[in-house]
There are 2 protein chains.
Amino acid sequence: MRAARRVLLSRPASGDICKLFKDIKIIGFDADDTLWHNEPFFRAAEKRLLELLEGYGAPDYLAKELLAVEVKNMPLYGYGIKAFTLSMLETALKISNNTLPAQTAAAILELGQSMLKKPVVLLDGVQEVLEILGARYKLVVATKGDLLDQQRKLTKSGLVKYLHHIEVMSEKDEENYLKLLKYLNVKPQNFLMIGNSLKSDILPVLNIGGCALHIPHPDTWTYEQADPGEIKNKNFAAAGKIKDILKFL
Amino acid sequence: MRAARRVLLSRPASGDICKLFKDIKIIGFDADDTLWHNEPFFRAAEKRLLELLEGYGAPDYLAKELLAVEVKNMPLYGYGIKAFTLSMLETALKISNNTLPAQTAAAILELGQSMLKKPVVLLDGVQEVLEILGARYKLVVATKGDLLDQQRKLTKSGLVKYLHHIEVMSEKDEENYLKLLKYLNVKPQNFLMIGNSLKSDILPVLNIGGCALHIPHPDTWTYEQADPGEIKNKNFAAAGKIKDILKFL
């Protein structure tokens, strides 16, 4: 899956991007790992969790158990740091066969809280790109996760001034994108979505007739991965990083 | 505080309600404990938590500790069942001085998950009121809490067909109500908010010039309570239960 992604990255995408921008009126941006770093914080927390739990199994085994618990809890908890913290705790209790020391449970709670307090670090070029695109297009952010946490990050990011609308969705699926476009009063062919997750930012938007630009992030959660090799769609392009967009304006 | 609320309940509110409805174009409903039962599930979970922790202190002491942890975590976690579960765990670890047995931690996690799986039980008369009001006004729901959990409840409630828009807010404050009214393209004087929380549904709406109808719920979380005796506003009225509205139409 990762190999397939690398192939895509090496493909020149200039022509596609030019065409993509032609009829666009509104541009939607994913937030986590498109505008700012996010997954690296989850990876670091996971690494710390595996250290805390090293007495209970090898890192690979523990990571697999964590992912299984996260996926099981997805319909109930949804996305975000609170959901992740609860799933870390459940994993720890499970793999310890309910012998987890209270200190470790407390350390996991604190790990979750420290994630919620992390600063917002913009990805390279984001501020510049939003400033330039904001003068020509209506910009919106479409993200998922904890409502409060996403709003906290948007406020801290200093990007709110470039944004026409911010939509926090429980799931980035076709139905919710259609609702967003209806609210924005824009046709799918005039809407471009930019993001790092093929599953959440690209495929559902292409499926409703919208345009999509994939900007991969080196850390993308296993759950979000899809195979870009399968995407054959005239409305789809890929770029190496967000600043590449500026070459085609 | 509870005494003050009881005085208000005994005050006839008919004239106020008639005036309130005169210029209204859009009616907003709070969801939890206005459309369906919610706080009773939190109370039941809290009762169960205090039983699980009875070795560590008297119920009153434990309840006070829980509230203190919830209020401390509010800026970080926000509202909802995931936040509540994390605060229950933190309280248990704290009052046990980090000696909590893993089984108890697991039981608390399960308590939170069972809350997320609870059925939606509409309050008496809600379906009827929404059906009748829906024919004359645009109806919206304005609620706070977990995005995913609120959407789950709205879907299960069967009420979505009466609703023009659903807004899940991280905090029901003046700023967010102003944003909502802007989105709905309605003036404050043409907007009526109906809810059980003076703090979240009534006071911020009155403060921005909107109209508000208070329908108290016997269980209202301490954190949400305010003194209705202080409200002297021509745009404010109170009713005993949601069905009372129908008498004035």
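Residues numbered from 1 in each chain as written. Chains lettered and ligands numbered in written order. Predicted model: local features only at pLDDT ≥ 70, side-chain atom pairs only at ≥ 80, totals over all residues.

Trainee: Any chance you could explain the overall build of chain A here in plain terms?
Mentor: The helix and strand tally for chain A stands at ten helices and six strands. In chain A, once contacts between residues fewer than 6 apart in sequence are set aside, the share between residues at least 24 apart is 74%. (Helix = DSSP H or I, 4+ residues; strand = E, 2+ residues; numbered from the N terminus. Contact = placed C-beta atoms within 7 Å.)

Trainee: When you look at the sheet that holds strand β5 (residues 211–214) of chain B in this model, what are you seeing that I'm missing?
Mentor: What links the strands of a sheet is backbone hydrogen bonding, and the strands pair in either a parallel or an antiparallel sense. Residues and elements named next belong to chain B. Taken in spatial order, the six strands of this open sheet run β3-β2-β1-β4-β5-β6, and their pairing is parallel. For this open sheet the edge positions go to β3 (165–169) and β6 (236–238), each flanked by a neighbour on one side alone. Direction aside, the axes of adjacent strands within the sheet are offset by 20° on average. In this structure, β5 lies alongside β6, joined through three bridges in parallel fashion. Paired with A212 across the strands is F236, a residue of β6. Running over the sheet, helix α10 (residues 198–207) touches β2 (138–144), β4 (191–195), β5 and β6 and is turned about 155° from β5. (Pairing = 2+ DSSP bridges. Axes fitted to C-alpha atoms, helices over the stretch in contact; angles between N-to-C directions.)

Trainee: Even after reading the chapter, I still don't get the environment of B:H214, so can you show me in this structure?
Mentor: Relative to the elements of secondary structure, B:H214 occurs in strand β5. Sequence-wise, B:H214 and B:G240 are 26 residues apart; in three dimensions their C-alpha atoms are separated by 8.4 Å.

Trainee: Quick question: what am I supposed to make of the interface of chain B and chain A here?
Mentor: Interfaces are often sized by the amount of accessible area the parts lose when they come together. The interface of chain B with chain A comprises 26 residues on the first partner and 26 residues on the second. For the side of chain B that touches chain A, the elements supplying multiple residues, two or more each, are α4 (59–77), α5 (81–95), α6 (102–116) and α8 (147–157) of chain B. Broken down by class, the residue content of the side of chain B that touches chain A amounts to 15 nonpolar, nine polar and two charged. (Nonpolar A, V, L, I, M, F, W, Y, C, P; charged D, E, K, R; others polar.)

Trainee: What exactly am I supposed to notice about the relation of the copies chain B and chain A here?
Mentor: Once chain B is rotated about the relating axis by 180° and shifted along it by 0.0 Å, it coincides with chain A to within an RMSD of 0.0 Å. Taken together, the rotation and translation relating the two chain copies correspond to the operation of a two-fold axis. Here 100% of the contact residues of chain B are again contact residues in chain A; the copies associate through an equivalent surface. (Least-squares fit on C-alpha atoms with pLDDT ≥ 70 in both.)

Trainee: How do you make sense of the domain arrangement of chain A when you look at a structure like this?
Mentor: All names here are of chain A. Taken as a whole, chain A is organised into domain 1 (2–36 + 120–248) and domain 2 (39–116). Opposite the twelve residues of domain 1 that make contact, domain 2 presents twelve residues. The residue makeup of the side of domain 1 that touches domain 2, split by class, is two nonpolar, five polar and five charged. (Domains from an automatic or database assignment.)

Trainee: Teacher, can you tell me more about the sheet that holds strand β5 (residues 211–214) of chain A here?
Mentor: Residues and elements named next belong to chain A. The six strands are arranged β3-β2-β1-β4-β5-β6 in an open sheet whose pairing can be described as parallel. Looking at which strands have only one partner, the edges of the open sheet turn out to be β3 (165–169) and β6 (236–238). Shown here is a sheet whose adjacent strand axes are inclined to one another by a mean of 20°, direction ignored. Against the sheet, helix α9 (residues 174–184) engages β1 (26–29), β2 (138–144), β3 and β4 (191–195), with an angle of about 160° to β3. The sheet contacts of helix α10 (residues 198–207) involve β2, β4, β5 and β6, and relative to β5 the element is tilted by about 155°.

Trainee: Please explain α5(B) as it appears in this structure.
Mentor: For an α-helix, 3.6 residues make a turn, and residues three or four places apart therefore share a direction. Residue and element names in this part refer to chain B. A rise of 1.5 Å per residue sets the reference length of α5, with its 15 residues, at 21 Å; its end C-alpha atoms lie 21 Å apart and thus fit the reference within 8%. Counted residue by residue, α5 has 13 buried out of 15 residues, so it is predominantly covered. Looking one or two residues beyond α5, the residue adopting positive phi is N97, at roughly 55°. (Expected span 1.5 Å × (residues − 1). Buried ≥ 20, exposed ≤ 12 C-beta atoms within 10 Å, placed from the backbone.)

Trainee: Explanation requested: α9(A) in the structure shown.
Mentor: Residues and elements named next belong to chain A. If you check which residues of α9 are buried, you get Y177, L180 and L181. Along α9, the residues classed as buried sweep out an arc of 95° about the axis, all on the same side. In α9, those exposed residues whose orientation departs by more than 90 degrees from the buried face are E175 and K182. (Arc of directions from axis to C-beta.)

Trainee: Whenever I open this one, the packing of helix α4 (residues 59–77) of chain A against helix α5 (residues 81–95) of chain A confuses me. Can you help?
Mentor: Two measures define how a pair of helices packs: the angle their axes make with one another and the distance between the axes. All names here are of chain A. At a minimum axis distance of 9 Å, the contact between α4 and α5 shows a crossing angle of 130°. In terms of orientation, α4 lies oblique with respect to α5. Considering only the axes of α4 and α5, their crossing is right-handed. For the pair α4 and α5, the contacting residues are L62, E65, L66, V69, E70, N73 and Y77 in the first and A83, L86, S87, M88, E90, T91, K94 and I95 in the second. In the contact of α4 with α5, the residues fall into eight nonpolar, three polar and four charged. (Parallel < 35°, antiparallel > 145°, perpendicular 65-115°, else oblique. Left-handed = near helix turned anticlockwise from the far one by under 90°.)

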